Amino acid sequence: MAVRIGNIDLGEFPLLLAPMEDVSDPPFRFVCKQSGADLMYTEFISSEGLIRDAAKSRQKLDIFEYERPIGIQIFGSDIDTMREATEIASQVGPDLIDINYGCPVKNVACRGAGASLLQDIDKMTAMTKAVVEATHLPVTVKTRLGWDDNTKNIYEVAERLQDVGIQALSIHGRTRSQMYKGRADWQLIREVKRNPRVRIPIFGNGDVDSVEKAAAWRMEYEVDGIMIGRASIGYPWIFREIKHFYQTGEYLPAPTIAERVAVCRTHFEKSIQWKGEKTGIFEMRRHYANYFKGIPHFKEYRTKLVSLTSVADIHAVLDEIGEQFVMEEVA
Ligand SMILES: Cc1cc2nc3c(=O)[nH]c(=O)nc-3n(C[C@H](O)[C@H](O)[C@H](O)COP(=O)(O)O)c2cc1C
């Protein structure tokens, strides 16, 4: 049965691209969409930044038609600011608004935003209600199991947020104090899903990095869809590989180096288009090693890719990587 958020039809068992600061920007989203991501989110956007009209926050509002369905994710600690930010974000015309109650990093969580709201469910509920009332769009939430081992309150959180009108919930199977350590625990996610009072889609998140896991955890944890973050960085093919397996029970071959070059090049070109040459070149540097993980002799190419400052030179190195591969294949 198709999963729906409001009027958005996500198909059966959707795969979501996780919101990731400094990663899930429009160029990265382009290659993930090409590879089959069913629902994507912007990087998180500060509600304070939005209402102050800060350039960095505004730029993150850029969304494109081909990205739909797309959610804009916001975070903040003040309810009125969140309400106002919701109105601003809604005017841009996304398909939904997502609230971040999961961010563990100090300068977010210690300022009363992100995962910190897991310590104050009354405030979290009031904030969510304010956001739901401030927009005509569906509102979703992304959060964690709880603040720490002693306060895993996601079961209650899910009920209370559903009661004030959220239309889907993505749960990262860690607590705030775990940050990114240890293994994600999906058992509590399953408990939330099994709660007969919970009717909204529940998406599982955390540590899905292979077709095998995506297949096994779909069955084991009974979620409505899976959200993938880190495993997609430099490997957007993960969406298409998992989908193919779900549809056919067969594994797709890993992308060839020619495909890696082509997708990395698209990502690079989109970065230049959207960010301009200087920032596009600079910010693309963090991605190369991920695109070419495991290929022999990549180090020398990487050194070039992260130091060159001209678009043409970078294209030439990408050409070289492709040619080197063809030579090795023939040899
Ligand atoms: C670099 C990075 C940036 C992230 N930024 C955000 C963010 O902006 N909003 C958010 O809700 N989660 C953010 N996260 C958390 C991810 O969305 C996701 O919950 C987490 O990485 C676990 O999923 P994974 O194991 O599939 O990566 C970020 C994670 C990483 C690694």
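Residues numbered from 1 in each chain as written. Predicted model: local features only at pLDDT ≥ 70, side-chain atom pairs only at ≥ 80, totals over all residues.

Per an unreviewed UniProt entry, the protein is named tRNA-dihydrouridine synthase, and its organism is Parapedobacter deserti. The Sequence similarities (unreviewed entry) field of the UniProt record for the protein holds the comment "Belongs to the dus family." (UniProt positions renumbered as here; feature names shortened; annotations may be inferred.)

Chemist: Any chance you could explain the overall build of the protein here in plain terms?
Modeler: Of the regular secondary structure elements, the protein holds 15 helices and 10 strands. Relative to a compact globule of 331 residues, whose C-alpha radius of gyration would be 20 Å, the protein shows 20 Å and is just as compact. In terms of overall dimensions, the protein has C-alpha extents of about 65 × 45 × 35 Å along its principal axes. The buried share of the protein, reckoned over its 331 residues, is 44%. Long-range pairs, those at least 24 residues apart, make up 66% of the contacts in the protein between residues at least 6 apart in sequence. (Helix = DSSP H or I, 4+ residues; strand = E, 2+ residues; numbered from the N terminus. Rg over C-alpha atoms; globule rule 2.2 N^0.38 Å. Buried ≥ 20, exposed ≤ 12 C-beta atoms within 10 Å, placed from the backbone. Contact = placed C-beta atoms within 7 Å.)

Chemist: What exactly am I supposed to notice about the domain arrangement of the protein here?
Modeler: Interface size, as often reported, equals the accessible area lost upon joining of the parts. Each domain of the protein was delimited in the assignment, giving domain 1 (4-248) and domain 2 (257-330). Centre-to-centre, using C-alpha coordinates, domain 1 lies 30 Å away from domain 2. Opposite the 9 residues of domain 1 that make contact, domain 2 presents 10 residues. Residues that form the side of domain 1 that touches domain 2 fall into these classes: 8 nonpolar, 1 polar and no charged. (Domains from an automatic or database assignment. Nonpolar A, V, L, I, M, F, W, Y, C, P; charged D, E, K, R; others polar.)

Chemist: Got a minute to help me understand the site of the ligand in this structure?
Modeler: The immediate surroundings of the ligand are formed by 21 residues, with Ala18, Met20, Phe44, Gly229 and Arg230 found nearest. Per-class residue counts for the shell around the ligand are 9 nonpolar, 7 polar and 5 charged. (Near = placed C-beta within 6 Å.)

Chemist: Which parts of the structure should I look at to understand the pairing of strand β9 (residues 202-205)?
Modeler: Two faces make up the sheet, and in a regular strand the side chains alternate between them. What you see with β9 is no split at all: Ile202 and Gly204 on one side and Phe203 and Asn205 on the other are buried throughout. Pairing between strand β8 (residues 168-175) and β9: 4 bridges, direction parallel. Across the sheet, residue His172 finds its bridge partner in β9, namely Asn205. Relative to strand β10 (residues 225-228), β9 is paired through 3 bridges, and the arrangement is parallel. By the bridge assignment for β10, Asn205 is matched with Met227. Since β9 and β10 lie parallel, the crossover through helix α9 (residues 211-221) that links them has a hand, and here it is right-handed. (Pairing = 2+ DSSP bridges. Right-handed = clockwise from strand over helix to strand, strands pointing away.)

Chemist: Just checking my understanding: could you explain the packing of helix α11 (residues 257-275) against helix α12 (residues 277-284) for this structure?
Modeler: Helix-helix packing is characterised by the crossing angle of the two axes and by the distance between the axes. Axis separation between α11 and α12 bottoms out at 7 Å; the angle between their running directions is 140°. By the angle between their axes, α11 is oblique relative to α12. Crossing of α11 against α12: the hand is right-handed. Between α11 and α12, the residues in contact are Phe268, Ser271, Ile272 and Lys275 and Glu277, Thr279, Gly280, Glu283 and Met284, respectively. Considered class by class, the residues forming the contact of α11 with α12 number 3 nonpolar, 3 polar and 3 charged. (Axes fitted to C-alpha atoms, helices over the stretch in contact; angles between N-to-C directions. Parallel < 35°, antiparallel > 145°, perpendicular 65-115°, else oblique. Left-handed = near helix turned anticlockwise from the far one by under 90°.)

Chemist: What's the story with the UniProt feature "domain: DUS-like FMN-binding" (unreviewed entry) in the protein in this structure? I'm lost.
Modeler: Annotation from UniProt places "domain: DUS-like FMN-binding" (unreviewed entry) at residues 16-318. Across residues 16-318, helical content stands at 46% and strand content at 15%; the span's end C-alpha atoms are separated by 29 Å.

Chemist: Before we go on, may I ask you to explain the pairing of strand β7 (residues 139-146) in this structure?
Modeler: Across the 8 residues of β7, 8 count as buried, placing the element largely inside the fold. Judged from the 5 bridges that link them, strand β6 (residues 96-101) and β7 form a sheet pairing that is parallel. Bridge pairing in β7 places Asp98 opposite Thr140. Pairing of β7 with β8, which is carried by 6 bridges, proceeds in the parallel orientation. From the neighbouring strand, Thr143 faces β8, where its bridge partner is Ile171. Taken together, β7, helix α7 (residues 154-163) and β8 form a β-α-β motif whose crossover is right-handed.

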